[in-house]
Amino acid sequence: MSEKIYGQSRMDGVTLLLYLILVFCGFLAIYSSSHGSSNFSFDFSTQYGKQLVWIAVSITLGAVLFLIDVRFFEVFSYAVFGFWIILLILVIFLGKDVNGARSWFAIGSFRLQPAEFAKFGVALALARYVSDIDTDMKSRRYQLITAGIILLPIALIVLQGDAGSGLVFFSFIMVLYREGLSGTVLLIGIVAVALSVLTFAFGFLALVAALIIVGGIITAFIYTNTKWLKYLWLIVLVCIGFTKSVDFGFTHVLQEHQQKRILVMLGLLEDPQGLGYNVNQSKIAIGSGGFWGKGFLQGTQTKGDFVPEQHTDFIFTSIGEEFGWVGSTVVIIVFVLLFLRISMLAERQRSKFSRVYAYCVLSVLFFHFLINIAMTINLAPVIGIPLPFFSYGGSSLISFTVLLFLLLRLDANRENELDSYY
Amino acid sequence: MTHNQNRSTIIRAAIVFLALILIGKLFYLQVISDKYAEKAARLSIRAVIEFPDRGLITDRNGEIIVFNEDTHDLVVHFPFNRKNFPIEDFCRLVNMTEAEVEEKIKIANDSRFNQKGLFIKNISAQDFARIQEGLFKFPQFSIESRSDRKYKHNVAAHTLGYVAEISRYELERDKEEYYDIGENIGKSGLERYYESLLRGQKGKQFFLKDNTGKLKERYKEGSNDVKGAVGKELKISLDVLLQEYGEKLIAGKTGSVVAIEPSTGEILAMVTSPGYKPDMFAIKNLGKNYTALATDKDKPLINRATTSTYPPGSTFKVIMSLIGLQEGVINTNTRYSCNGGFHIGGLTVRCHAHAPMPNVTYAITTSCNAFYCNTYREILHQDRFENIEEGYNNWKGYLNRMGLGMQLGTDISGEKPGNVPNADYFHKIHGHNKWNYVRIISMSIGQGELLLTPMQMANLAAMVANRGYFYTPHFIRGQQIPEAFTSKHEVGVENRHFTTVVEGMRNVMLNGTGAYVQIPGIDICGKTGTVQNPHGENHSIFIAFAPKDNPKIAIATVVENAGYGSTWAAPICTLMIEKYINRDTVSQRPELEKKMMETAIPK
Ligand SMILES: [Zn+2]
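Residues numbered from 1 in each chain as written. Chains lettered and ligands numbered in written order. Predicted model: local features only at pLDDT ≥ 70, side-chain atom pairs only at ≥ 80, totals over all residues. Heavy atoms only, no water.

1. Side note on the overall build of chain B
Quick reminder of the rule: Per the convention used, a helix needs a DSSP run of H or I reaching at least four residues, while a strand needs a run of E reaching at least two, with both numbered from the N terminus. Relative accessible area decides the class of each residue, using a 1.4 Å probe on protein chains only: under 20% of the type maximum gives buried, over 50% gives exposed, and in between gives partly exposed. Contacts: residue pairs with any heavy atoms within 4.5 Å of one another. Each accessible area value is a Shrake-Rupley result obtained with a 1.4 Å probe; residue values ignore everything except the protein chains displayed when judging cover.
Along chain B, the regular secondary structure elements total 21 helices and 19 strands. Within the span of chain B, comprising 603 residues, buried residues form 55% of the whole. Within chain B, contacts between residues separated by at least 24 positions form 70% of all contacts whose residues are at least 6 apart in sequence. Of the roughly 26200 Å² of accessible surface on chain B, 50% is carried by carbon and sulfur atoms.

2. Here's the deal with helix α11 (residues 204–222) of chain A
All names here are of chain A. Where we set the bar: A helix is expected to reach a length of 1.5 Å times the quantity of its residues less one. Think of the arc as the fan of directions from the helix axis to the C-beta atoms.
In this model, α11 (19 residues) spans 27 Å end to end at C-alpha, consistent with the 27 Å of a helix rising 1.5 Å per residue. Turning to α11, its buried residues number three or more, namely Phe204, Leu207, Val208, Leu211, Gly215, Thr219 and Ile222. Down the axis of α11, the smallest arc covering the buried residues is 115°, so these residues share one side. Away from its buried face by more than 90 degrees, α11 exposes Leu205, Ile213 and Phe221. For α11, the secondary structure elements touched by its buried residues are α10 (183–202) and α12 (226–253).

3. Some remarks on the confidence of the model for chain A
Applied cut-off: Confidence scores here are pLDDT values: one per residue, from the predictor, ranging 0 to 100.
Residues of chain A with pLDDT of at least 70 account for 93%, and the chain-wide mean is 86. Overall, residues 1–7 of chain A carries pLDDT values under 50, and its contacts beyond four positions in sequence, including any with other chains, amount to six contacts.

4. A closer look at the sheet that holds strand β1 (residues 45–50) of chain B
Residues and elements named next belong to chain B. Worth spelling out the cut-off: A pair of strands is treated as paired once DSSP finds two or more bridges between them. Between N-to-C directions, angles span 0 to 180 degrees; the directions come from axes that are lines fitted to C-alpha atoms, helices contributing only their stretch in contact.
Reading across the sheet, the three strands line up as β1-β8-β9 and stay open at both edges, with antiparallel pairing between neighbours. On the outer flanks of this sheet lie β1 and β9 (215–218), each paired with one strand and no other. Across the sheet, the mean angle from the axis of one strand to that of its neighbour is 45°, orientation sign disregarded. When β1 meets strand β8 (residues 203–209), the two strands line up antiparallel, connected through six bridges. What sits directly across from Glu50, in β8, is Gly203.

5. Section: empty space enclosed by the protein
Residues and elements named next belong to chain B. How we decide: Lining residues are defined by having an atom within 4 Å of a point belonging to a cavity or pocket. Those points lie on a 1 Å grid over the protein atoms alone, cavities being sets where a 1.4 Å probe fits but cannot get out and pockets being open sets with protein on both sides within 12 Å along at least five of seven lines. Grid points are joined across faces, edges and corners, and a volume is the space filled by probe spheres set on the points. Residue type decides the class: Asp, Glu, Lys and Arg count as charged, Ala, Val, Leu, Ile, Met, Phe, Trp, Tyr, Cys and Pro as nonpolar, and the leftover types, Gly among them, as polar.
Summed over the entire model, instances satisfying the criterion amount to two cavities of 30 Å³ or more. One number sums up the size of the largest cavity: a volume of about 230 Å³. Within the residue set of the lining of the largest cavity, elements represented by two or more residues are β5 (141–151) and α9 (195–199). When residues in the lining of the largest cavity are grouped by element, the largest group, four residues, is from β5. Tallied by class, the residues present in the lining of the largest cavity amount to six nonpolar, three polar and eight charged. Approximately 30 Å³ is the volume attributed to the second largest cavity. In terms of lining residues, the second largest cavity is bounded by Tyr245, Leu575, Glu578, Lys579, Thr585, Val586, Ser587 and Glu593. Residue contributions to the lining of the second largest cavity peak at three residues, all from helix α20 (residues 569–581).

6. Concerning the interface of chain A and chain B
Defined as follows: As a working definition, buried area equals the accessible area (1.4 Å probe) given up by two parts on being put together, with both sides summed. For the purposes of these results, a polar contact is taken to be a pair of N or O atoms within 3.5 Å, where, inside protein, one atom must be able to donate a hydrogen and its partner to accept one; residues adjacent in sequence count only when each atom of the pair is a side-chain atom.
Across the boundary between the two partners, chain A contributes 51 residues, which contact 34 residues of chain B. Looking only at chain A, the three residues that lose the most surface to chain B are Tyr177, Phe306 and Trp325 of chain A, adding up to 16% of its buried area. At the boundary of chain A and chain B, one finds 14 residue pairs in polar contact (both at pLDDT 80 or more). Listing elements by their share of the side of chain A that touches chain B, those giving two or more residues are α9 (173–178), α14 (277–287), α15 (300–303), α16 (315–348) and α17 (352–376) of chain A. No other element matches α16 of chain A, which puts 13 residues into the side of chain A that touches chain B. Across the side of chain A that touches chain B, the residue classes tally to 23 nonpolar, 20 polar and eight charged.

7. Section: the packing of α14 of chain A against α16 of chain A
Residue and element names in this part refer to chain A. Short version of the rule: In this scheme, roughly parallel covers angles under 35 degrees and roughly antiparallel covers those over 145, while 65 to 115 is roughly perpendicular and the rest are oblique.
The contact between α14 and α16 brings their axes to 7 Å, and the two run at 30°. Taken together, α14 and α16 sit at an angle that is classed as roughly parallel. In this structure, α14 uses Ser282, Ala285 and Ile286 to contact α16, whose residues at the interface are Phe316, Thr317, Gly320 and Glu321. Residue composition of the contact of α14 with α16, by class: three nonpolar, three polar and one charged.

Following this line, the structure appears as structure tokens:
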């Protein structure tokens, strides 16, 4: 009743609960993977000890968001976006070189990864721009600017040498789709990806032959309709041209280790000792978990440090091994409930800014979730992106938390957003 | 906006669909496929094996025959992680070059089993201490210790058998999956037959290891560990003193001696010649000796006592007498004329000169051929038989009950059944029931198709000593003896008939072919046999038991290509009997003993 009186809703408890469940499970997984023994003990100098500090910091920051005027973010969204873009540029020159990538600022023992926070900036900027009353969504200008907001950070992150983190920004296509992006564009995108994969798998010439044969067969059915025939062969030609450029890009632009990585991840190249090593170990750890799992702190692969990067990108292996299929499925279900809840929150917003922002949150979280877990079970390439709320590391936990809590803040305030632009 | 709100449904559907794909793939990895669990176990769990001491083997007097000494192997664990492997230090530890180490790892990898390969077999005593001390730096290597066999009495090689590395074939047949590659198993003789008793139980402790191969905590707090148990002592019936003596007596000759305690079926001695010393097949010596012995033309690896078969010759007359008496076709008063042999049609079975018209006792003593030719006719052609097959099978039944023509089932493997032909065998040659005793007359005097192992001959002697029954000859003694060795086999001849036959056998020693080897003070009953050998000199055969009343030992000896039974087999048998009964006194016949020990008879 009170929300009506004061025109103020409360924080969405369901989302908060799902968030806390995931963070708690994540902590258990990190505890297990960095503890290395069956006996309980606690030590703040360890990874799980630090993660506990990050959890506290994240929740505190989330609470602080509720103290800030909700208008602040909408008003300063471009500024926030600009701030992180500048950091993305600076890190290219000032960042710490880790395996050829410069994506970290290192200040003492403190490390900051701007790419993790840039998602937040892009989400705000996109929400602000798409929801702007002056924006004409049919215009060429709109298309160029939305593309720019998404592609600029991607370009900067690829320049840092961290292509995987850059890919995340493509997830914003989901937002654009929700706001009216043509389904045809999505279809073209899917066809382009399919053609690329087929080119890597079977080679340029085989694909050209296949396209011409398919074109020929269709021609046999519609040879009376000259107008359609013209379109058909135009499409075939475009496809061939696209295939050629993919082939060229693959063999001439990409370096050998990058080509290999793509082939390994597509399952076209076996490499259990090299690039496929992590995935192989990951599959062994998860696969050996069985139906019920080996039990908390009982994972043999987890305790023996067999999975490289387990506490960060491969944290899901710890869940898979120690809690089995049941535990893995429960975690996935909790994630899916969170996603459906966010989608529900999005649709109940009265302000377009809030709705677009909510879908931005959804797309970022979902993309990380999908690609990260798929990567550990060899359904997706090994691109180093964290599992939200699970993977070890302050940058990612704080950025995901802030991303989500701002949505809760906007949602709590939704009654006051009424008629903002009407 | 309705159009775009529908899109939220599509987005939700896509999220659920993609999540289901993840769950489905996880179900495949975790629940359907089991190869990942196996891979994980191979990577992260190591079994530390503790090999128990193999059981001792002791003789009937508690004398230790076989015991153990420790040997040590250096093994390498796979998958071998070269990262952080300090190869220079390791080369120094094992005194090898890097290339040698790499080569050895490669060989070990090629022949690995259960993630473990043999790096150095049998580390010498001086290397062992050094390597063991420095090995902690190389967690992917470990020392596995086990015992090799040592022999306090270096005798009875064929009976004891030997222990060696398990073969691929044996591994495949190891249903319990007890053994690992490189482990030892009893290969022959008692070591093989009583393997599960002697080997004990390997101790296994499971440890978790990390990605460098270093052992961490106990796997599941040791709940999967297997507690080890040392092998049990195998008490056997051999009298090692008698065995040693027998091996000395038969040295240089080809043949065998089997001695049995009639009242139990326990084998007191089983000698075969030419042979070898059991320590030649100790694990550390096996490699250098095996091929030479296996390819030796004299076949020293063959256990002639259980696998060579011979016609029993005149010793078989004892059996013919018993069957004739039991069938009632002869009695103590039955006499057959012997006119220099047995004549029918154009056939003559010759006999030597002896007092005329022998009865059964005298026929045994003088070994009259004619008497047994006649007896055979009477046994086979009784009025109650419809045809020759019935008569023959009736006779053959006695032989089978006496353990002839079949494996006795002793506790060392490889035993031959010998030969007692089926009636069918003769039907085929002569036509169905178109034959009579004349066609098979040579079997009546222990020749022809009839073939016995020396152990079967000794068992016949034991059966006569017992007056009508025997126990399956065996070695195990004084512990859980299988029922097969404690059940009495009655042969179907009444006790009273033995009085007659034993009298004949006693007379052989008093005034027959054995008179030359009799021993004052011991009432030996015996029977010589001289078997025609188409390939050379006759085989010399003797069966005996002693004392006549309450017999302690039954024995059979075969010496190949040696001539008369009385010349070689009989002396060896009686010397053995003397040794066994007068245990600690020297032989009353040192000349004879010396002659036996020192004469070699070339094959
Ligand atoms: Zn005669």
